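What the coordinates show
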Amino acid sequence: MRIEIPQLPPEESSPNWRGHWAEKYKAGKDYHHDVFYCCVDARNRALADGRAFPFLKAKLNLTFIFPEERRRDRDNILSSFKKGLDAIVDAGLILDDDS
């Protein structure tokens, strides 16, 4: 199953971001909703094809495409996607986000 999210995680979700907690909360909540609705759409299309959810064992491959070419820290990018991963679980695609 392939799910494309049209935007990157917000800059506020980076562990290195320094700002007010309320801005971080709002940006995370908005991103969670965006990812959630993309996942619900993909889940509903897959249910029509006869797939069963949630996946008990799933492999998640993330590909981030940035508009500019510069080096990025892989760990920070993955941790900034935490709200997106929570949205995938909330949408019912995977059972939980434990490793």
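In this text the structure is predicted, and so the values were computed from the model without any measurement.

Turning next to the packing of aromatic side chains. Enumeration over the complete set of coordinates arrives at 5 aromatic pairs. On the basis of an interplanar angle of 75 degrees and a centroid distance of 5.3 Å, the ring pair of Phe36 and Tyr37 is categorised as edge-to-face. On the basis of relative accessibility, which here comes to 22%, the residue Phe36 falls in the partly exposed class. Ring plane angle 70 degrees and centroid distance 5.0 Å describe the contact between Phe53 and Phe55, whose orientation is recorded as edge-to-face. In this structure Phe55 comes out as partly exposed when scored by relative accessible area, which is 29%.

Take helix 1 (residues 21-48) next. Between the first and last C-alpha of helix 1 there are 40 Å, a value that for 28 residues agrees with the 40 Å anticipated at 1.5 Å per step. In the core, the buried residues of helix 1 are packed alongside helix 3 (82-90). Looking one or two places after helix 1, you find Gly50, whose phi comes out positive at around 95 degrees.

Here we come to the environment of Ile65. With respect to the helices, strands and loops of the structure, Ile65 is situated in the loop between helix 1 and helix 2 (74-80). Along the chain, Ile65 and Leu8 lie 57 residues apart, while their C-alpha atoms are 7.9 Å from each other.

Attention shifts here to unusual backbone geometry. With an omega of 0 degrees, the peptide bond running from Phe53 to Pro54 counts as cis. With respect to the helices and strands, Pro54 occurs in the loop between helix 1 and helix 2.

About the cut-offs
- All residue numbers refer to position in the chain's written sequence, counted from 1.
- Predicted model: local features are reported for residues with pLDDT of at least 70 only, side-chain atom pairs are reported and counted for 80 or more only, and whole-chain, interface and lining totals are derived from all residues.
- Hydrogens and water molecules were not included; the side-chain quantities draw on all heavy atoms of the structure.
- Side-chain rings of Phe, Tyr and Trp (the six-membered ring for Trp) are treated as a pair once their centres are within 6.5 Å; stacked means planes under 30 degrees apart, edge-to-face means over 60, and tilted covers the remaining angles.
- For every residue, the accessible area (1.4 Å probe, protein chains only) is compared with the maximum for its type, and the residue is labelled buried under 20%, exposed over 50%, or partly exposed between those bounds.
- Think of it this way: any DSSP run of H or I at least four residues long counts as a helix, any run of E at least two long counts as a strand, and we number them from the N terminus.
- Given the number of residues in a helix, its expected span is that number minus one, multiplied by 1.5 Å.
- Contact between two residues is taken to exist if any of their heavy atoms lie within 4.5 Å; hydrogens are not considered.

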